[in-house]
Amino acid sequence: MPLSSHDYASATICSNRLVREWNKYEGKLVVAFDFDNTIFDYHNAGLDCHQVIGLLGKCSDLGFIMVLFTANDDAKKLAWMKEYCEHYGIRVDYINESPVMQTKKPYYNILLDDRAGLDSAYTILEDAVDRIEILMMNKCKS
């Protein structure tokens, strides 16, 4: 079966699912993100991460649970990564931990990672965030 016919393959369906989960869990989504080459130009190759940083900042402002998943386990480096995120408006609630389920598989509603379809995940999350912001504005008006 081609992936394009899979029920969860389209960006619209994935975005709809995030909005439904946001509603179901009373405004909470778990957004996981990588550091190197996702929000930081690890190889100094001129990578522009500002769009991803901006979107993750919006997620932080919306009160989503923010999880930094990184292969790095050096305590000083992790502290620096957290400071970097916070400097750019990304709250870090957890580092290399699953906030909901204590399993070996990391738990998240969406993952932004340069090695895991960053462009698609960004598009899906951006659409969901835009729609959630509209829902929140409509709730405030009523």
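Note that this is a predicted model, so its numbers are computed, not measured.

Q: Please explain the pairing of strand β2 (residues 65–68) as it appears in this structure.
A: Side chains on a regular strand alternate between the two faces of the sheet. Pairing geometry for strand β1 (residues 30–33) and β2, over four bridges, is parallel. Bridge pairing in β2 links Ala32 to Val67. Traced from β1 through helix α2 (residues 50–61) to β2, the parallel crossover comes out right-handed. Bridge analysis of β2 against strand β3 (residues 94–95) gives two bridges, and the strand direction is parallel. If you follow Val67 over to β3, its bridge partner there is Tyr94. On the question of chirality, the crossover connecting β2 to the parallel β3 by way of helix α3 (residues 75–87) is right-handed.

Q: Would you take a moment to explain the pairing of β1 for this structure?
A: Side-chain alternation along β1 places Val30 and Ala32 on one buried face and Val31 and Phe33 on a second face that is also buried. Two elements, β1 and strand β4 (residues 110–112), share three bridges in a ladder whose sense is parallel. Its bridge partner being in β4, Phe33 is matched across the sheet by Leu112.

The rules behind each value
Residues numbered from 1 in each chain as written. Predicted model: local features only at pLDDT ≥ 70, side-chain atom pairs only at ≥ 80, totals over all residues. Heavy atoms only, no water. Pairing = 2+ DSSP bridges. Helix = DSSP H or I, 4+ residues; strand = E, 2+ residues; numbered from the N terminus. Right-handed = clockwise from strand over helix to strand, strands pointing away. Buried < 20%, exposed > 50% of the residue type's maximum accessible area, 1.4 Å probe, protein only.

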